[in-house]
Amino acid sequence: MSRKYGIVCAIIAAFCLCMVCGCTSDAAPATDAVQISTEEKSLIVYSGAGLRDPMDEIAQVYEEKTGTEIKYTYSGSAQLLSQMELLQEGDCYMPGARAYIDSAAEKGYINNSEDVIYHVLAIAVEPGNPQNITCLKDLTEDGVKVAIGEPTGNAVGKATQKIYEKAGLWEELQDNIVVRSGTVNELLVYMNMKQADAAIIWEDLLDNSDIEHVDIPQEEGFIKVVPVGTLSFSDKPTEAQAFADFVASDEGKAIFVKHGFETYPSEKYGDA
């Protein structure tokens, strides 16, 4: 009786082992399928740091609509271009000005691009404007602490240098510069920390801020068109184009308007 019982137990144990192996074998492909699906449903997008708020919201809306996850890299436009050149990967590029898309296109990195919004420079000042800053020249006066973007690193820095060189005030401004920021968002931080009396910044970034701004006359200022482009080394070109099309769509542009941007085209700024 004991021998028969042992044989029965052995048979049951062998059957259970087969069942376990069979379950393990079936489960592995399912896991792989999920991983592949997840990877196919994500895009890498390089974006100028000054566009973070609307682009984050666009990503959220787009993922809800399509299930595609948008993975951003935010930085200065020039740094993003260098990063793309080094890595040779990614799906879309939205810098702070059209010139960076043109540079990327010259390198063969851009498939298509669409104009979306404008960037307009303004002078950010403390609440109440205690330094009574009214124009570009006022930032060169003795004792005024000025924060600017790094001219070699981001669109706002390059634009600042251009408008001050155009006004013949670039050299005069140098003694008052206390900060050269790598990203435009850092300029707001320096202003809020009262480390600067004024900063040259994109007007739209001040829309929901306590920091006030002084308009720069259009003939003296800097107004640039901001495009979104698809990258030639994307391994998902159809999905990349679909996202770029959404950013440039009426629905995408409405999100930019919500965050204080002027959308392209407009009668006010034309082709900038």
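Remember, it's a predicted structure, so these values are computed and weren't measured experimentally.

**Remarks on the packing of aromatic side chains**
Okay, so step 1: A full pass over the atoms with the stated rule returns eight aromatic pairs.
Okay, so step 2: Here tyrosine 118 and tyrosine 269 contribute two aromatic rings whose centre-to-centre distance is 5.3 Å and whose plane-to-plane angle is 55°, an arrangement assigned as tilted. Taken together, the residues span a long stretch of sequence, with tyrosine 118 in strand 4 (residues 110–125) and tyrosine 269 in the segment after strand 10 (262–263) at a distance of 151 residues. For the pair tyrosine 118 and tyrosine 269, a shared accessibility class is recorded, and that class is buried.
Okay, so step 3: Measuring from centroid to centroid gives 6.1 Å for tryptophan 202 and phenylalanine 222, while their planes differ by 40°, and the two rings are tilted. With tryptophan 202 in strand 7 (residues 198–202) and phenylalanine 222 in the loop between strand 8 (212–215) and strand 9 (223–231), the pair connects residues that are 20 residues apart, well separated along the chain.
Okay, so step 4: Assessed through its relative accessible area of 2%, tryptophan 202 is described here as buried.
Okay, so step 5: Site record: aromatic cluster; members linked through ring pairs are Tyr62, Phe243 and Phe246.

**Re unusual backbone geometry**
Okay, so step 1: Cis geometry marks the peptide bond from tyrosine 264 to proline 265, where omega comes out at -5°.
Okay, so step 2: Structurally, the position occupied by proline 265 is in the segment after strand 10.
Okay, so step 3: Here glutamine 88, not a glycine, exhibits a phi torsion of approximately 55°, which is positive.
Okay, so step 4: As for its position among the elements, glutamine 88 is in the loop between helix 3 (77–87) and strand 3 (92–94).
Okay, so step 5: Non-glycine residue lysine 194 carries a positive phi angle of around 60°.
Okay, so step 6: Summarising the element assignment, lysine 194 is placed in the loop between helix 7 (184–192) and strand 7.

**Brief notes about the packing of helix 3 against helix 4 (residues 98–106)**
Okay, so step 1: Direction vectors running N to C along helix 3 and helix 4 enclose 15°, while the axes themselves pass 10 Å from each other. Taken together, the axis directions place helix 3 and helix 4 in an arrangement best described as roughly parallel. For the crossing formed where helix 3 meets helix 4, the hand is right-handed. Listed contacts from helix 4 to Ser77, Ala78 and Leu81 of helix 3 are Tyr100, Ser103 and Ala104.
Okay, so step 2: Per-class residue counts for the contact of helix 3 with helix 4 are four nonpolar, two polar and no charged.

**Overview of the confidence of the model for the protein chain**
Okay, so step 1: Residue-level pLDDT values for the protein chain average 86, and 85% of them are 70 or greater.
Okay, so step 2: Contacts from residues 1–39, a stretch scored under 50 in pLDDT, to residues over four places away or in other chains number one contact.

**Considering the pairing of strand 2 (residues 69–75)**
Okay, so step 1: The pairing of strand 1 (residues 42–48) with strand 2 spans seven bridges and is parallel. Directly across from leucine 43, in strand 2, lies its bridge partner isoleucine 70.

**Topic: helix 3**
Okay, so step 1: For helix 3, the set of buried residues is Ser77, Leu80, Leu81 and Met84. End-on view of helix 3: buried residues confined to an arc of 100°, all on one side of the axis.
Okay, so step 2: Once helix 3 finishes, glutamine 88 follows within two positions and takes phi at roughly 55°, a positive value.

**Let's talk about the side chain of threonine 68**
Okay, so step 1: Within the secondary structure, threonine 68 sits in the loop between helix 2 (52–66) and strand 2.
Okay, so step 2: Threonine 68 has contacts with Lys41, Ser42, Leu43, Tyr62 and Glu63, leaving out every residue within four places of it along the chain.

**A short note on the side chain of aspartate 138**
Okay, so step 1: Inspection of the secondary structure assignment puts aspartate 138 in the loop between strand 4 and strand 5 (146–149).
Okay, so step 2: Among buried charged residues, aspartate 138 stands out as having no salt bridge; its nearest opposite-charge side chain is lysine 137, 7.7 Å away.
Okay, so step 3: If near-sequence neighbours (up to four positions away) are discounted, aspartate 138 is found in contact with Asn132, Ile133 and Val144.

What counts, and at which threshold
Residues numbered from 1 in each chain as written. Predicted model: local features only at pLDDT ≥ 70, side-chain atom pairs only at ≥ 80, totals over all residues. Heavy atoms only, no water. Phe/Tyr/Trp six-rings, centres within 6.5 Å; stacked < 30°, edge-to-face > 60°. Helix = DSSP H or I, 4+ residues; strand = E, 2+ residues; numbered from the N terminus. Buried < 20%, exposed > 50% of the residue type's maximum accessible area, 1.4 Å probe, protein only. Axes fitted to C-alpha atoms, helices over the stretch in contact; angles between N-to-C directions. Parallel < 35°, antiparallel > 145°, perpendicular 65-115°, else oblique. Left-handed = near helix turned anticlockwise from the far one by under 90°. Contact = heavy atoms within 4.5 Å. Nonpolar A, V, L, I, M, F, W, Y, C, P; charged D, E, K, R; others polar. pLDDT = per-residue confidence, 0-100. Pairing = 2+ DSSP bridges. Arc of directions from axis to C-beta. Lys, Arg positive; Asp, Glu negative; His and termini not counted. Salt bridge = Lys/Arg side-chain N within 4 Å of Asp/Glu carboxyl O.

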